[in-house]
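Descriptive structure summary
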Amino acid sequence: MIALGSNLGDREMNLKTAIVKMKGRCMYIEKLSSFVETEPYGYTDQPKFLNAVCLVETDLSPRTLLNTLLEIEREMGRVRTVKWGPRVIDLDIVFYEDLIVNEEGLIIPHPDAHNRLFVLEPLSEIAPDLVHPVLKKTVQELLIELKQRI
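Throughout this document, residue positions are counted from 1 along each chain, in the order its sequence is written. Local features in this predicted model are restricted to residues whose pLDDT is 70 or higher, and side-chain atom pairs enter the listing and the counts only when it is 80 or higher, whereas totals over whole chains, interfaces and linings include all residues. Only hydrogens and water are set aside when side-chain values are computed; all heavy atoms of the structure are taken into account.

**Topic: the overall build of the protein chain**
Basically, it comes down to this: Put simply, DSSP H or I for four residues or longer makes a helix, DSSP E for two residues or longer makes a strand, and each gets a number counted from the N terminus. Only C-alpha atoms enter the radius of gyration, while the globule expectation follows 2.2 Å times N to the 0.38, with N the number of residues. Burial classes: relative accessible area under 20% of the type maximum marks a residue as buried, over 50% as exposed, and values in between as partly exposed (1.4 Å probe, protein chains only). Throughout, a residue-residue contact means that at least one pair of heavy atoms, one from each residue, lies within 4.5 Å. Only the protein chains shown count as cover for residues, and the accessible areas themselves come from Shrake-Rupley with a 1.4 Å probe. When charges are counted, neither His nor the chain ends are considered; positive counts come from Lys and Arg and negative counts from Asp and Glu. Lysine's charge is taken at NZ, arginine's at CZ, aspartate's at CG and glutamate's at CD.
Looking only at helices and strands, one finds four helices and seven strands in the protein chain. Tracing the protein chain from N to C terminus, the helices and strands come up as β-α-β-β-β-α-β-β-β-α-α. Its C-alpha atoms give the protein chain a radius of gyration of 14 Å, within 12% of the compact-globule value 15 Å for 150 residues. Burial status across the protein chain gives 47% buried among its 150 residues. In the protein chain, once contacts between residues fewer than 6 apart in sequence are set aside, the share between residues at least 24 apart is 64%. If you sum the accessible surface of the protein chain, you get close to 8000 Å²; carbon and sulfur atoms cover 53% of it. Here the protein chain contributes 18 positive and 23 negative side-chain charges, whose respective centroids are spaced 3 Å apart.

See below:
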């Protein structure tokens, strides 16, 4: 599962461009959520985001997938300045099957996905019964819990 987000420029076109680039790099998009407008997370003094999540089939290893996603971000003009700051595109690995990875620069499942409405809402649209491999709860359960906390 890959989470996509954009809050600079033509946000919808940025998401669509990233999806096309992903397809061109050994990724088959099996399911794509709706695009959802969301408030910024962490650093809030910035424009709203447009977010989506897609289920991707790939033969790329988790590390190669991460490097490929970072390459797409760079190609699209992403510049990392402020943590959680504005961005043309953000591509995050949320889940990779049921793998648990904790390596330098690569943590799967995404360590904060269960706290992010902008990940859980679109994810619940395409995979509500997907079980978080660490928390052992479904996406739908995590979404309900998060909504109760906020």
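**Some words on the pairing of strand E1 (residues 2-6)**
For clarity, the cut-off: Whether two strands pair comes down to DSSP finding at least two bridges between them.
Counting buried positions over the five residues of E1 gives five, a clear majority of the element. Of the two faces of E1, the one holding Ile 2, Leu 4 and Ser 6 and the one holding Ala 3 and Gly 5 are both buried throughout. Alignment of E1 against strand E4 (residues 49-58), held across five bridges, turns out to be antiparallel. Considered in E4, the bridge of Ser 6 is made with Leu 50.

**With respect to the environment of Lys 48**
The condition that has to hold: N or O atoms within 3.5 Å of each other form a polar contact, as long as, within protein, one can give a hydrogen and the other can take it, and as long as residues adjacent in sequence are counted only when both atoms are side-chain atoms.
Within the fold, Lys 48 resides in the loop between strand E3 (36-38) and E4. As for Lys 48 and Glu 37, which are separated by 11 residues in sequence, their C-alpha atoms are 6.7 Å apart. If we ignore the near neighbours within four places in the chain, the residues touching Lys 48 are Ser 6, Asn 7, Arg 11, Glu 37, Thr 38, Glu 39 and Pro 40. A polar side-chain atom of Lys 48 sits 3.3 Å from a polar atom in the side chain of Glu 39.

**Things to note about the layout of surface pockets**
Where we set the bar: Cavities and pockets were defined on a 1 Å grid built from protein atoms only: a cavity is a group of points that admits a 1.4 Å probe but offers it no way out, a pocket is an open group of points flanked by protein on both sides within 12 Å along at least five of seven lines, and a lining residue is one with an atom within 4 Å of any such point. Grid points are joined across faces, edges and corners, and a volume is the space filled by probe spheres set on the points. In this classification, the charged set is Asp, Glu, Lys and Arg, the nonpolar set is Ala, Val, Leu, Ile, Met, Phe, Trp, Tyr, Cys and Pro, and all remaining amino acids, among them Gly, are polar.
Its boundaries defined by the atoms lining it, the largest pocket holds a volume of some 730 Å³. Contributing elements (two or more residues each) for the lining of the largest pocket: E1, E4, helix H2 (62-75), strand E5 (90-93), strand E7 (106-108) and helix H3 (117-126). Sort the elements by how many residues they give to the lining of the largest pocket and E5 lands first, with four residues. Residues that form the lining of the largest pocket fall into these classes: 19 nonpolar, six polar and nine charged.

**A short note on the packing of H3 against helix H4 (residues 139-149)**
For clarity, the threshold we go by: Throughout, an axis means a line fitted to C-alpha atoms (over the contacting stretch in the case of helices), and angles, computed between N-to-C directions, take values from 0 to 180 degrees. The labels follow the angle: roughly parallel below 35 degrees, roughly antiparallel above 145, roughly perpendicular from 65 to 115, and oblique for the rest. Note on convention: near helix rotated counterclockwise from far helix by under a right angle means a left-handed crossing. Clockwise means right-handed.
Following both chains from N to C, one finds H3 and H4 inclined at 140°, their axes separated by 9 Å at the closest point. Relative to H4, H3 is oriented oblique. The chirality of how H3 crosses H4 is left-handed. In contact with Leu 117, Leu 120, Glu 121, Leu 123 and Ser 124 of H3, H4 contributes Val 139, Gln 140, Leu 142, Leu 143, Leu 146 and Lys 147.

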